[in-house]
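Notes for the structure review
What follows is the residue order along each chain.
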Amino acid sequence: MPDRRTSLVAIYPGSFDPITNGHLDMIERGSHLADRLIVAILRNMNKQPLFSVEERMDMLREVVAPYANVEVDTFHGLLVDYAAEKRATYILRGIRAISDYEYELQMALMNRRLRPEIETVFMMAGEAYSFISSMLVKQIIQLGGNISGLVPPTVETHLKRRILGQDIE
Ligand code: PNS
């Protein structure tokens, strides 16, 4: 059992390339479950992201600013080692559909094997967000579709600038 005399730290890890309203809903709800929620961006050398880690960090910091107990950080290497270093007891992940389940189960079981003391906690994505993914949002804007309501307004501005080379407002 986690020691409740110390504060409860949870990690919400991901690529966040870029953050969507689905992620934000998870962060909002996750912030009520922990004393400290750390949104941790993976520094992945193998992936070719649309936004640099620093750009993603800036966007995340802006959108989580209203939540006093939420902070943004980056990590590399094993997630469970990062969680242990932060003295986190929980890893928070969202499940949108059955298709997420297999990958999430595999990761949760592997992480448990690596560090049994760290528990992965799953939350169901809000029904209004269960179809949103960073990948689809990028594809839609590239093909001229409307992404308003799918990502925070600041992210929409950044996406339009990066993908369409256009400034809104
Ligand atoms: O948002 P994503 O891209 O689905 O997040 C995946 C993430 C960052 C949670 C996962 O790739 C991860 O934890 N990577 C760190 C490396 C690691 O710990 N690998 C073993 C996991 S079983």
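One can find the structure itself at the top, above this paragraph.
Residues numbered from 1 in each chain as written. Predicted model: local features only at pLDDT ≥ 70, side-chain atom pairs only at ≥ 80, totals over all residues. Heavy atoms only, no water.

**Re the overall build of the protein chain**
What counts here: Secondary structure follows DSSP: runs of H or I at least 4 residues long count as helices, runs of E at least 2 residues long count as strands, and numbering of each begins at the N terminus. Only the C-alpha atoms count toward the radius of gyration. The rule for a globule is 2.2 Å times the residue count to the power 0.38. Classification of residues uses two cut-offs on accessible area relative to the type maximum, computed with a 1.4 Å probe and protein chains only: under 20% is buried, over 50% is exposed, and between them is partly exposed. When checking whether two residues touch, look at their non-hydrogen atoms; a contact exists if any pair is within 4.5 Å. Each accessible area is a Shrake-Rupley estimate made with a 1.4 Å probe; only the visible protein chains count as cover when residues are assessed. In this tally, Asp and Glu contribute negative charge and Lys and Arg positive charge; neither His nor the terminal groups of the chain are included. Where a charge sits is defined by one atom per residue type, namely NZ (Lys), CZ (Arg), CG (Asp) or CD (Glu).
Looking only at helices and strands, the protein chain has six helices and five strands in total. Counting from the amino terminus, helix and strand elements in the protein chain follow one another as β-α-β-α-β-α-β-α-β-α-α. Taking 15 Å as the expected radius of gyration for a compact globule of 169 residues, we find that the protein chain reaches 16 Å, a close match to that expectation. Counting only C-alpha atoms, the protein chain reaches 50 × 35 × 35 Å along its principal axes. The burial tally for the protein chain puts 43% of its 169 residues in the buried class. Intrachain contacts of the protein chain at a sequence separation of at least 6 include 73% that bridge at least 24 residues. Accessible area of the protein chain: about 9,900 Å², with a carbon and sulfur share of 53%. Both charge centroids of the protein chain, one from 19 positive and one from 22 negative side chains, sit 4 Å from each other.

**Things to note about the sheet that holds strand 5 (residues 119-124)**
This is how it is decided: In this scheme, strands are said to pair when DSSP sees at least two bridges between them. Lines fitted to C-alpha atoms define the axes here, with helix axes fitted over just the stretch in contact, and angles between the N-to-C directions of these axes take values from 0 to 180 degrees.
The strand order across the open sheet formed by five strands is 3-2-1-4-5, and the pairing between neighbours is parallel. Looking at strand neighbours, the two that pair on one side only are strand 3 (70-75) and strand 5, the edges of this open sheet. Neighbouring strand axes in the sheet, compared pairwise and without regard to direction, differ in orientation by 30° on average. Both strand 1 (residues 9-14) and strand 4 (residues 90-95) contribute to a ladder of two bridges, which runs parallel. Note on strand 4: the bridge partner recorded for Ala 10 is Tyr 90. Contacts from helix 2 (residues 53-64) reach strand 2 (36-42) and strand 3, with the element oriented near 170° to strand 3.

**Observations concerning the side chain of Asn 21**
Checked against the element boundaries, Asn 21 lands in helix 1 (residues 21-30). The exposure class assigned to Asn 21 is buried, which follows from its relative accessible area of 15%.

**Examining the pattern of salt bridges**
The following threshold applies: Salt bridge, as used here, is a side-chain nitrogen of Lys or Arg placed within 4 Å of a carboxyl oxygen of Asp or Glu.
According to the stated counting rule, one finds 13 salt bridges in the structure shown. Note that Asp 17 is salt-bridged to Arg 56, the shortest N-O span being 3.9 Å. One end of the pair, Asp 17, is in the loop between strand 1 and helix 1; the other, Arg 56, is in helix 2, and 39 residues separate them in sequence. Measuring nitrogen to oxygen at the nearest pair gives 3.5 Å for the salt bridge that ties Asp 73 to Lys 86.

**Section: the layout of surface pockets**
Keep this limit in mind: Buried and open spaces are told apart on a 1 Å grid over the protein atoms alone, a cavity being a set of points where a 1.4 Å probe fits but cannot get out and a pocket being an open set with protein on both sides within 12 Å along at least five of seven lines. Residues with an atom within 4 Å of a point are the lining residues. Grid points are joined across faces, edges and corners, and a volume is the space filled by probe spheres set on the points. Three categories are distinguished: nonpolar for Ala, Val, Leu, Ile, Met, Phe, Trp, Tyr, Cys and Pro, charged for Asp, Glu, Lys and Arg, and polar for the others, with Gly belonging to the last.
A volume near 1,200 Å³ is recorded for the largest pocket. Forming the walls of the largest pocket are 42 residues, and the residues nearest its centre are Gly 14, Ser 15, Lys 47, Arg 93 and Tyr 103. The biggest single contributor to the lining of the largest pocket is helix 4 (residues 98-114), with seven residues. Split by residue class, the lining of the largest pocket holds 20 nonpolar, 13 polar and nine charged.

**Some points on a nonpolar patch on the surface**
To keep it simple, the criterion reads: Surface patches are drawn from residues lacking salt bridges whose relative accessible area is over 30%; two like charges belong together within 9 Å, two nonpolar side chains (Val, Leu, Ile, Met, Phe, Trp, Tyr) within 5 Å.
On the surface, Ile 98, Tyr 101, Leu 105 and Leu 109 cluster together to form a nonpolar patch covering roughly 420 Å² of accessible area. Along the chain, the position of Ile 98 falls in helix 4.

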